[in-house]
Amino acid sequence: MGKVVPLNAQQQGAALTVAEAVETFLARDWSEHTRRNFVSDLKRFCEAFGRRRVDRLKADDLQAYLESLTTTRGGPERPVSPQTFNRHFGTLCNLFGWLERQEEIDRNPMDKVERRKLGERLPRPMSRDQVQAFFGRIDELRDKSLFSLLYGSGLRVSEALELDIEAVKLEGREFRVIGKGDRERVGYLAEDTVKLLRRYLRERGRPRLGPLFESRNGTRLSYSMAWRLFRKYADGLQENGQPLTIHQLRHSFGSERAGEMDALILRDLMGHKSLRTTLQYAQVNGESVKKAFRAFDRQRGKK
């Protein structure tokens, strides 16, 4: 996007452009997770408005931009989900709120932009048959290890990709991961995942440091590549007519354990900030809840 231009220091007093504003905004001290989301969202925003002056953008411009956002993930081009719409909305609120505090604009145009109303959206786990079919298609050790980690340990995709080898203790079957909000937590490895990781690292020559999952050119495996790999192996597998998504591996971890273990423990394993998020999995997996109730009832009857 070009060289960073300090605020209030444009040549000849020219008004700040969107590209200049974004460049300076991103130069602030953000967490890695927040910066990644901002960079992704604001890249698209700059493609649409990069040369426009920030003081000339109106609420109608920003509303129309948000309404125009589309995605091709999981199939043909279509409008982004309400959740993604609201993430972009939040990014623009941060940007224009900051510009208002810097007195680069008189008032924040995002105050008149409407976010999407969300109904309660329950997680969508994969069925056992889908999980079996999916893993049965994978022959690459790296790919199988990655997806086994998502499914067997409940990690977010970004968390798994940011893991370094030194953070994973195969002997103890555990790892340390930095999740949302830069919160560190301990996670645990399923036995199948440990076996796959041992074979994968042995194939790589038993490295001791660096990214756990590497691309073919030796760099850290990217989020976009992980998505493409998932789509390749999940091709043709659907849920209610919709293509599967990589996040459903994590949702399957949560739904299979809901009702089988304490919700507070499951919350910590998945890195949820709110217990309410964890409890959604109990609504998805009613069979596990019923089994847990029956098991408790039988145990009480023995006393």
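Residues numbered from 1 in each chain as written. Predicted model: local features only at pLDDT ≥ 70, side-chain atom pairs only at ≥ 80, totals over all residues. Heavy atoms only, no water.

As a further point, take the packing of aromatic side chains. Counted under the stated rule, the structure contains 16 aromatic pairs. Ring centres of F45 and F49 lie 5.3 Å apart, and the angle between their planes is 55 degrees; on these two criteria the pair is classed as tilted. Placement of both F45 and F49 in helix α2 (residues 32–49) is noted, with a separation of four residues, approximately one turn of the helix. On the accessibility criterion, F45 (0% relative accessible area) is buried. For the pair F147 and F230, a centre-to-centre distance of 6.0 Å together with 70 degrees between the ring planes defines the contact as edge-to-face. Of the two residues, F147 is situated in helix α6 (residues 141–153) and F230 in helix α9 (residues 223–233); the sequence distance between them amounts to 83 residues. An aromatic cluster is built from F134, F135, F147, Y151, F230 and Y233, whose rings are joined through pairwise contacts. Just above the ring of F85 sits the side chain of R116; from NZ or CZ to the centre is 4.1 Å. (Phe/Tyr/Trp six-rings, centres within 6.5 Å; stacked < 30°, edge-to-face > 60°. Helix = DSSP H or I, 4+ residues; strand = E, 2+ residues; numbered from the N terminus. Buried < 20%, exposed > 50% of the residue type's maximum accessible area, 1.4 Å probe, protein only. Lys NZ or Arg CZ within 6 Å of the ring centre and 35° of its normal.)

To continue, consider the pattern of salt bridges. Enumeration according to the criterion identifies 16 salt bridges in this entry. A salt bridge links E162 to R36; the nearest nitrogen and oxygen atoms lie 2.7 Å apart. Residue E162 is located in the loop between α7 (157–161) and β3 (168–169), and its partner R36 is located in helix α2; the two are separated by 126 residues in the primary sequence. Its salt-bridge partner being E214, residue R204 comes within 3.3 Å of it at the nearest N-O pair. Linking R204 in the loop between α8 (191–203) and α9 with E214 in the loop between α8 and α9, this pair joins segments that are 10 residues apart in sequence. For E214, a relative accessible area of 23% corresponds to the partly exposed category. (Salt bridge = Lys/Arg side-chain N within 4 Å of Asp/Glu carboxyl O.)

Per-residue confidence for the chain gives a mean pLDDT of 86; residues scoring 70 or more make up 86%. Segment residues 1–13: pLDDT under 50, and 20 contacts once partners within four positions in sequence are set aside and those in other chains are kept. (pLDDT = per-residue confidence, 0-100. Contact = heavy atoms within 4.5 Å.)

Right, let's get into the sheet that holds strand β5 (residues 184–188). What the three strands build is an open sheet, ordered β3-β4-β5; its pairing is antiparallel. Two strands in the sheet have a free side with no partner beyond their single neighbour: β3 and β5. With two bridges connecting them, β3 and strand β4 (residues 174–178) associate as antiparallel partners. Following the sheet pairing, V168 is matched in β4 by F175. (Pairing = 2+ DSSP bridges.)

Moving on to the pairing of β5. Because side chains alternate across β5, one face comprises the buried residues R185 and G187, and the other comprises E184, V186 and Y188, none of which is buried. Relative to β5, β4 runs antiparallel, the two sharing five bridges. Considered in β5, the bridge of E174 is made with Y188. Connecting the antiparallel pair β4 and β5 is a turn made up of five residues, with G181 showing a positive phi of about 70 degrees.

Its 20 residues place the ends of helix α4 (residues 82–101) 28 Å apart at the C-alpha level, agreeing with the 28 Å of an ideal helix rising 1.5 Å per residue. Of the positions making up α4, those classed as buried are F85, N86, H88, F89, T91, L92, L95, F96, G97, W98 and L99. Summarising the contacts, the buried residues of α4 are in contact with α1 (18–26), α2 and α3 (59–68). E103 lies just past α4 and shows a positive phi near 65 degrees. (Expected span 1.5 Å × (residues − 1).)

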